[in-house]
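Residues per chain, in single letters:
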Amino acid sequence: MLKVMHLTANSATPNSQWEDLIKLPAPNTVQWDNIKTQLDLVLLALETLTGIGSEAMLSAATNLNLESRVPDRVALWRLRQSNPLRKGQGGRKKLDVEEARSLVLITCYLAKQHQELIRRAVGLLEQMAENNQEPHQAALLGDYIDAFCNIYQERMEEDEQISTDLLTRLALKLLVDLLFYSAPGGHRRLWLALIDRSAKF
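Residues numbered from 1 in each chain as written. Predicted model: local features only at pLDDT ≥ 70, side-chain atom pairs only at ≥ 80, totals over all residues. Heavy atoms only, no water.

As recorded in an unreviewed UniProt entry, the chain goes by DUF3038 domain-containing protein and comes from Amazonocrinis nigriterrae CENA67.

Pasting the structure below:
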């Protein structure tokens, strides 16, 4: 398990972050479904750990000058509903590259805001591993894992292959990922991770 990083706030402006993402490789058509799923799951992990909701995401969009791409709660819901694993067809739409970049910037902005909590959770995870204890035995991690598993099962299509153990491992992997995405340059890390993982899917 990686050691907890001591990270400083990212001083890059929203516009410079957008320019960063434009310079990075764009996904191909085949990768889109996997990218939509991964983006939604990263946001799911962030919201279950921190308790944030759509208002915080919309506020982040405004602060990042992205309100034209994510103008309201309905637009945000439709973007997240583009995840092919989600239940229901009503809000599903095609996620374009600019919308994907917007969600990446919003995710990393919010992760940075909650970096202290994310760092504390990852530190607890390391501590439990070193002591050969189950993550559930730490209250913060137990609450996060339970919330993640419950919300995943509530929002995603039923899949008999997804066990509680698999969901727990997914939740903990996403938690560690969030630490990197909360760091300076997190938006680049998340974008490249989305493309890399979807290519291997």
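After that view, the rundown keeps rolling.
A.B. asks: How should the nonpolar core be read in this particular structure?
C.D. replies: The tendency in soluble globular proteins is for nonpolar side chains to be buried side by side. The biggest cluster of nonpolar side chains holds 60 residues, and the ones touching the most others in it are Leu39, Ile106, Tyr144 and Phe148. In this structure, Ile106 is in contact with Met57, Ala60, Ala61, Leu64, Leu66 and Val70, ignoring residues within four places of it in sequence. (Core = buried A, V, L, I, M, F, W, Y, C linked by side-chain atoms within 4.5 Å. Buried < 20%, exposed > 50% of the residue type's maximum accessible area, 1.4 Å probe, protein only. Contact = heavy atoms within 4.5 Å.)

A.B. asks: Is there a simple way to think about empty space enclosed by the protein in this case?
C.D. replies: Vacant regions in the atomic arrangement are exposed by a probe of water-molecule size rolled over the atoms. Per the counting criterion, the structure on display carries two cavities of 30 Å³ or more. Roughly 40 Å³ of volume is contained in the second largest cavity. Mapped onto the lining of the second largest cavity, the elements with two or more residues apiece are helix H2 (32–50) and helix H4 (73–81). Examining the composition of the lining of the second largest cavity, we find that four residues originate from one element, H2, more than from any other. The residue inventory of the lining of the second largest cavity, partitioned by class, reads five nonpolar, two polar and three charged. (1 Å grid on protein atoms, 1.4 Å probe; cavity = no way out; pocket = protein on both sides within 12 Å on 5 of 7 lines; lining within 4 Å. Points joined across faces, edges and corners; volume = space filled by probe spheres on them. Helix = DSSP H or I, 4+ residues; strand = E, 2+ residues; numbered from the N terminus. Nonpolar A, V, L, I, M, F, W, Y, C, P; charged D, E, K, R; others polar.)

A.B. asks: Looking at this model, I keep getting lost on unusual backbone geometry. Mind explaining?
C.D. replies: What is expected of a backbone is that most residues other than glycine have negative phi and most peptide bonds are trans. Of note, Asn65 is a non-glycine position whose phi angle comes to about 60 degrees, a positive value. Within the element layout of this structure, Asn65 appears in the loop between helix H3 (54–63) and H4. The phi dihedral of Asn132 falls on the positive side, at around 55 degrees, and the residue is not glycine. According to the relative accessible area criterion, Asn132 is exposed, its value standing at 74%.

A.B. asks: Looking at this model, I keep getting lost on H4. Mind explaining?
C.D. replies: Every α-helix winds through 3.6 residues per turn, so residues three or four apart in the chain are directed the same way. For H4, every residue scored as buried is listed here: Ala75, Leu76, Leu79, Arg80 and Gln81. Looking at the buried residues of H4, the elements they touch are H2, H3, helix H5 (97–113) and helix H7 (139–155). The N-terminus of H4 is capped by Asp72, whose side-chain oxygen sits 3.2 Å from the backbone nitrogen of Val74. (Polar contact = N/O pair within 3.5 Å; in protein donor to acceptor, adjacent residues only side chain to side chain.)

A.B. asks: Just to check I follow, could you spell out the packing of aromatic side chains for this structure?
C.D. replies: Within a pair of aromatic rings, the relevant descriptors are the distance that separates the centres and the angle that separates the planes. Counting across every chain of the model gives two aromatic pairs. Centre to centre, the rings of Tyr144 and Phe148 are 6.3 Å apart; their planes meet at 50 degrees, and the pair counts as tilted. Note that Tyr144 and Phe148 are positioned in helix H7 at a spacing of four residues, about one turn of the helix. Each member of the pair, Tyr144 as well as Phe148, carries the same accessibility label: buried. (Phe/Tyr/Trp six-rings, centres within 6.5 Å; stacked < 30°, edge-to-face > 60°.)

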